[in-house]
Amino acid sequence: MAEPKVTMDVGNDGVAIIKFSNPPVNALAIQIFAGLKEKWNEAARRNDVKAIVLTGSGGRFSGGFDINVFEKVHKTNDVTLLPDVSVDLVTNTMEDGKKPAVAAVEGLCLGGGFELALACHARIAAPRTQLGLPELSLGVLPGSGGTQRLPRLVGLSKSVEMMMTSKPIMSEEGEKLGVIDAVVPSTELVKVARQWALDIAERRKPWVRSLHRTEKIGSISEAHEVLKLARQQVKQTARNMPQHLACLDVIEEGIIHGGYKGIIKEAKVFQDLVLSDTSRGLVHVFFAQRATSKVPNVTDVGLKPRPIKKVAIIGGGLMGSGIATSLVLSNIFVIVKEINHEYLQKGLKTVEANIRGLVARKKLQQDKANKAFSMLKGALDYSEFKDVDMVIEAVIENIPLKQQIFADLEKACPPHCILASNTSTIDLNIIGQKTRSQDRIIGAHFFSPAHVMPLLEIVRTTKTSAQTILDLMAVGKTIKKVPVVVGNCTGFAVNRTFFPYAQSAHFLANLGVDVYRIDAQITSFGLPIGPFQLQDLAGYGVAVAVGKEFLSAFSDRVFTSPLLDLLIKSGRNGKNNGKGYYIYRKGEKPKPDPTVLPIIEESRRLTNIMPGGKPISITDQEIVEMILFPVVNEACRVLDDGIVVRAADLDVASVLGMSFPSYRGGIVFWADTVGAGHIYKSLRKWSELYGNFFKPSKFLEERATKGIPLSAPASTSSGSRSRM
């Protein structure tokens, strides 16, 4: 890899072009900051330099600060590893320097890169350059003056929106807002920036220091109103995350006491936030997600993915139509097969409705929607399957049906065709039992709704070929999913890890704990909805079917509750018919249904596990722990069985597939922050009180007693058995 470097080239016109390079996105490594300081000082000293143009190499300005440094800080707890550049370089040397500087930006101008550009005295951009400050998504805030300069250039409301959402804007919008002075073709970028810099030096254009501007901020009272509203929104949308409110406080400091005071506070708060659990969790997930693309003996053996141009989907229900939507939106031709005309039309209309919904929400342009519609076709038999590259079976969880489909597919499809199943729980060896093409059989487990949820769990058996896995990983990336490769077992990685989740909730409900209190504590912890509302949304039929699979596979540690059967007998099916634990009415938020309470009481009577027949007394924290520690326990078994390549894969899968809060770093990372010792002792105590459901796994016991993190590689544990 090329070393990060900064160069300076002084032209006959007296403009010094300072260019930095650190492929692929010109991340701001520590060497870059040192190089910028050195070149800036040299330009300031030289008599032949009138002005400066700052630019990046390779068609990109900068993707932002080098996040690897955050990882080192988290491992060492040493904040002195962070470069202290906001005052010394960005403010004193660049913005308050004696020679004007113009930033020439293109491609990416994000985070610390955008902050460098904001400190220049003008900004010229190529078309469709991304501008933004996404630091809050990593648990910190802009640390090189962004909290102070952006509000002064685009106004307070827009800058707050950009920082709070971490979403970039394009340079065209930036020009309208006033943060970009001109948008010019990429070929003209440096030339125009050069002239602009000279015009400032020779007083033909204004020499504007962003930090000194105030006209776009408005009055103190107006600013207070904007920040008050932002704080209210943040308390709803970013609970448990300190960086959002901290960022608003820093912005306010600069408005009340001036930009320089704001910059001093920003630097201090930045250092505090870097060491927060939130930043540790978010940075961990960021790197863990990158690592999922590296799979031993698949991505490192010199294979290249084959093109997948045509995919058939068996079943046009909720999952099949969602998968079809994802594929056609990425220009992959799709055939949806159903058993009769009525089901087929319903499936095709669902795909079309999904696409129209994206257009209505302005997330997709009409011409792209039309292209997607043209990539979709229906079928009632296998005659269209002779040239498909992949088939994804997405029918109900019925083993004989799936086995018959796979036997038929082997005859109908070409010999190179990948045979994939979207099963969420059933062992793939059972599904493919009646075929001879074991090397082509693979799990393509999407999460509902399939065109929205970002995870694609790729399940391989011991016989699945590396080529098949690589091909499906490439399809996953094409359709903008994050593919995580896992081993084969009942429930695979995600659903197996989380099967105790609903069961823990039912255990607590049958111990007398209020179901709405359980849901409230889990959402307070950071999941979008609680376990009972989740069952309402998924439908009780799914929960019952999946429960039978887990009972069959893991009978030693399954808790069976009569509650779902009682709900079904009473005519409830959750959101599907508007009646579950909650009442569902169109256009209204779900409301607790008091008429469900006698049914819960009946379940408690039948299970008869309340000590002395009375509800247990439990704290809010214990509710969260009794729901999630059994999940951690199963995660330990998944790690011990070698179902995932690395613990971090399970973290990514829990965040993207189960909406486990990303700022907690995923299920295993969070468990390590809580401590294996505390989890083990708690589970042992509950298992003595309530039985095997809570019994700690050997992996957890070993890690807890030896003080080894749960996330440490499996080789440190004695009994690991790889399924990979």
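From a predicted model like this one, the values you see are computed outputs, not experimental measurements.

What counts and how
- Residues numbered from 1 in each chain as written.
- Predicted model: local features only at pLDDT ≥ 70, side-chain atom pairs only at ≥ 80, totals over all residues.
- Heavy atoms only, no water.
- Phe/Tyr/Trp six-rings, centres within 6.5 Å; stacked < 30°, edge-to-face > 60°.
- Helix = DSSP H or I, 4+ residues; strand = E, 2+ residues; numbered from the N terminus.
- Buried < 20%, exposed > 50% of the residue type's maximum accessible area, 1.4 Å probe, protein only.
- Pairing = 2+ DSSP bridges.
- Contact = heavy atoms within 4.5 Å.
- Axes fitted to C-alpha atoms, helices over the stretch in contact; angles between N-to-C directions.
- Domains from an automatic or database assignment.
- Parallel < 35°, antiparallel > 145°, perpendicular 65-115°, else oblique.
- Nonpolar A, V, L, I, M, F, W, Y, C, P; charged D, E, K, R; others polar.
- Left-handed = near helix turned anticlockwise from the far one by under 90°.

**Overview of the packing of aromatic side chains**
Then step 1. All chains considered together, the criterion is met by 26 aromatic pairs.
Then step 2. Here the aromatic rings of Phe 70 and Phe 270 are separated by 6.1 Å at their centres, their planes lie at 45°, and the arrangement is tilted. Residue Phe 70 is located in helix H2 (residues 68-76), and its partner Phe 270 is located in helix H11 (residues 259-274); the two are separated by 200 residues in the primary sequence.
Then step 3. Since its relative accessible area comes to 4%, Phe 70 is described here as buried.

**Describing the sheet that holds strand S8 (residues 169-170)**
Then step 1. Spatially, three strands are ordered S5-S7-S8 in an open sheet, and the strand pairing comes out mixed. Because the sheet does not close on itself, it has two edges, and the strands there are strand S5 (108-110) and S8.
Then step 2. Against the sheet, helix H4 (residues 112-119) engages S5 and strand S7 (130-132), with an angle of about 85° to S5.

**Details of the domain arrangement of the chain**
Then step 1. By domain assignment, the chain separates into domain 1 (5-275), domain 2 (310-488) and domain 3 (494-706).
Then step 2. Inter-centroid distance (C-alpha atoms) of domain 1 to domain 2 is 44 Å.

**What to know about the sheet that holds strand S13 (residues 390-393)**
Then step 1. As summarised here, the arrangement of the eight strands in space is S12-S11-S10-S13-S14-S15-S16-S17, forming an open sheet in which the pairing is mixed. Bordering the open sheet on either side are strand S12 (376-379) and strand S17 (482-486), each of which pairs with just one other strand. For this sheet the average axis-to-axis angle between neighbouring strands, irrespective of direction, equals 25°.
Then step 2. As defined by bridge partners, strand S10 (residues 310-314) adjoins strand S11 (residues 333-337) across five bridges and the pair is classed as parallel. Considered in S11, the bridge of Ala 312 is made with Ile 335.
Then step 3. Sitting on the sheet, helix H14 (residues 341-360) touches S11 and S12, and the angle it makes with S12 is about 165°.

**Let's talk about the packing of helix H26 (residues 647-658) against helix H27 (residues 667-674)**
Between two packed helices, what matters for the description is the angle formed by their axes and the separation of those axes.
Then step 1. It is the contact of H26 with H27, at a shortest axis distance of 6 Å, that shows an interaxial angle of 110°. Relative to H27, H26 is oriented roughly perpendicular. Facing Ala 647, Leu 650, Asp 651 and Ser 654 of H26, the residues of H27 in contact are Ile 667, Val 668 and Phe 669.
Then step 2. Broken down by class, the residue content of the contact of H26 with H27 amounts to five nonpolar, one polar and one charged.

**Considerations on the side chain of Ser 62**
Then step 1. If you trace the backbone, Ser 62 turns up in the loop between strand S3 (51-56) and H2.
Then step 2. When near neighbours in sequence (up to four residues on either side) are disregarded, Ser 62 contacts Phe 20, Val 25, Asn 26, Ala 27, Leu 28, Leu 108, Cys 109, Leu 110 and Gly 113.

**Focus on the packing of helix H19 (residues 494-510) against helix H20 (residues 515-525)**
Then step 1. Where H19 meets H20, the closest approach of the two axes is 9 Å, and the angle between their N-to-C directions is 140°. Put simply, H19 runs oblique to H20. Considering the relative orientation of H19 and H20, their crossing is right-handed. The segment H19 lies against H20, with Tyr 501, Ala 505, Leu 508 and Ala 509 engaging Val 515, Ile 518 and Ile 522.

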